[in-house]
Amino acid sequence: MKLGVVGLPNVGKSTLFNAITKNSIPSENYPFCTIEPNVGIVAVPDARLDVLGEMYNTKKITPAIIEFVDIAGLVKGASKGEGLGNKFLSHIREVDAIVHVVRCFDNPNITHVDGNVDPIRDIEEINLELILADLETVTKRLEKAEKLYKTGNKEVLKEVEILKQLHVLLENEKPVRAYPANEEEQEIIKSFFLITSKPVIYCANISDDNIATPEDEIDYVKNVKEFAKRENAKHVVVCAKFEEELCSLSDEEAELFKAELGLEETGLNKLIVAGYDLLGLISYLTAGEKEVRAWTITKGTKAPKAAGKIHTDFERGFIKAEVVSYADIVEAGNFVKAKEKGKVRVEGKEYVVQDGDVMLFKFNV
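Residue positions within a chain follow its written sequence, with the count starting from 1. Local features in a predicted model are, by the rule used here, given only for residues with pLDDT of at least 70; side-chain atom pairs are given and counted only at 80 or more, and totals for whole chains, interfaces and linings are based on all residues. To obtain the side-chain values, all non-hydrogen atoms of the structure were included, while hydrogens and water were left out.

On to the overall build of the protein chain, then. When you go through the protein chain residue by residue, the secondary structure sums to 14 helices and twelve strands. In this description the radius of gyration comes from C-alpha coordinates, and the expected globular size is given by 2.2 Å times residues to the power 0.38. A compact globule built from 365 residues would reach a C-alpha radius of gyration of about 21 Å, and the protein chain, at 23 Å, matches this within 12%. Reported as C-alpha extents along the three principal axes, the dimensions of the protein chain are approximately 65 × 65 × 35 Å. When the 365 residues of the protein chain are sorted by exposure, 47% land in the buried category. Of the contacts formed within the protein chain by residues at least 6 apart in sequence, a portion of 68% connects residues at least 24 apart. In this description, accessible areas are obtained by the Shrake-Rupley approach with a 1.4 Å probe, and a residue is regarded as covered only by the protein chains that are shown. In the form shown here, the protein chain has an accessible surface area of approximately 18600 Å², with 49% of it arising from carbon and sulfur atoms. Only four residue types enter the tally: Lys and Arg on the positive side, Asp and Glu on the negative side; His and the chain ends are excluded. Positions of charges follow a simple convention, taking NZ of Lys, CZ of Arg, CG of Asp or CD of Glu. The protein chain carries 47 positive and 61 negative side-chain charges, and their two centres are separated by 7 Å. Secondary structure elements follow DSSP: runs of H or I no shorter than four residues count as helices, runs of E no shorter than two count as strands, and numbering proceeds from the N terminus. The classification of residues rests on relative accessible area computed with a 1.4 Å probe and restricted to protein chains. Under 20% of the type maximum is buried, over 50% is exposed, and intermediate values are partly exposed. Working rule for contacts: check all heavy atoms of both residues, and any pair within 4.5 Å makes them a contact.

On to the pairing of strand 7 (residues 234-238). Inspection of the sheet shows strand 6 (residues 200-205) paired to strand 7 by five bridges, in the parallel sense. By the bridge assignment for strand 7, Asn205 is matched with Val238. Convention used here: a crossover is right-handed provided that the path from the first strand, over the helix, to the second strand proceeds clockwise when the strands point away from the viewer. Between the parallel pair strand 6 and strand 7, the chain is carried across by helix 7 (residues 219-230), and the sense of this crossover is right-handed. By the convention used here, strands pair only if DSSP detects at least 2 bridges between them.

Working definition: an aromatic ring pair is given by the centre-to-centre distance plus the angle between the planes. Working definition: a ring pair exists when centres of Phe, Tyr or Trp rings (six-membered ring for Trp) sit within 6.5 Å. Plane angles under 30 degrees give stacked, over 60 give edge-to-face, the rest tilted. Throughout the structure, instances matching the rule amount to six aromatic pairs. When the ring of Tyr202 is compared with that of Phe227, the centres are 5.6 Å apart and the planes differ by 90°; the resulting orientation is edge-to-face. Of the two residues, Tyr202 is situated in strand 6 and Phe227 in helix 7; the sequence distance between them amounts to 25 residues. Neither Tyr202 nor Phe227 differs from the other in exposure class; each is buried. Plain terms: the ring middles of Tyr284 and Phe361 are 5.8 Å apart, the flat faces sit at 85° to each other, and that makes the pair edge-to-face. Here the residue Tyr284 occupies a position in strand 8 (residues 281-287), and Phe361 occupies one in strand 12 (residues 357-363), the gap between them amounting to 77 residues. Aromatic ring contacts, followed pair by pair, group Tyr284, Trp295, Phe318 and Phe361 into a single cluster. By the criterion adopted, a ring carries a charge over it if an Arg CZ or a Lys NZ lies within 6 Å of its centre and within 35 degrees of its normal. Sitting above the plane of the Tyr149 ring, Lys154 keeps its charged end 4.8 Å from the centroid. We note Arg293 situated over the ring of Trp295; from NZ or CZ to the ring centre the distance is 4.0 Å.

Below, the structure written as structure tokens:
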């Protein structure tokens with residue numbers, strides 16, 4: 001999963017990126033300090049792996065991974081190339097979902113590009129630039145498709161119809177994700193690589209003074225939450241500054257620091273949970289003495305395709321899978337005991353893999 005972190009300059013994107021990846025990238029207080037997109041590969045926290053690792057006395061634990069791309073601050077006019085807009089817009093097209101960082105804190109020492117803090121105005125400013133960029137793409141694509149149709153190419157008719165509807169939607173300043181597409185239309189729209197077709201997580205970046213404050217008591221955050229709800233989008237609340245400080249501590253110190261503030265999870269965990277939910281992702285597990293590993297798949301994935309995440313031969317020569325739920329294997333103590341208790345099932349090609357399934361695949365090529 002690849003999440004693109006976007007927002008206006010000086011909203012805390014790079015600070016958040018530093019925190020969640022423990023990478024050192026610039027976060028100075030001026031626009032366009034992030035010239036190239038910075039990519040960080042982050043392990044998805046999963047306590048189940050440690051439990052299985054201990055059970056199997058494994059040599060290696062490999063978690064699922066998530067890729068964060070820090071994309072430099074967009075500004076008004078980015079769709080027309082203002083700032084370094086066109087370059088950054090192209091980077092957004094390559095991600096699976098967008099993490100839109102929104103400034104929800106006042107600080108006279110940190111310049112706001114529009115002079116004052118207004119989360120909804122900031123969101124709409126970025127969204128409009130992305131809509132305008134998509135409108136340009138759709139306009140060009142529609143012109144090309146209509147020319148093909150006029151030459152007798154009937155196969156592009158469906159594409160023309162969809163593009164016309166998307167054009168109206170975008171002209172009315174609505175994102176492509178607001179279009180009620182069926183499964184066939186979704187596949188066609190996917191081929192257009194439109195920015196506003198991507199799902200969004202609005203990330204409200206609060207001040208460290210508000211870390212322990214319930215989110216419904218922070219006016220800026222309430223506004224972001226309501227906006228996200230209207231868009232059927234996700235929202236998370238983080239304090240990027242606190243997260244950055246937290247990642248500089250040892251694990252023990254970080255746990256004590258969180259406990260003092262009454263925090264149960266980090267901003268990274270919040271983003272991962274929201275990202276997984278947004279994209280409909282789950283993890284199945286494989287376990288053995290050599291390695292315990294989590295594999296990310298889409299909800300609804302059948303056993304052969306899940307096996308193909310490990311190796312294409314597993315999918316091609318799939319015979320069956322031995323499956324036990326994580327809860328059952330932990331209760332039994334190990335795979336052998338779970339099998340003795342009848343908790344291990346043999347599943348075939350039509351089995352839909354569930355989150356936390358511990359799986360052993362049988363295949364023949």
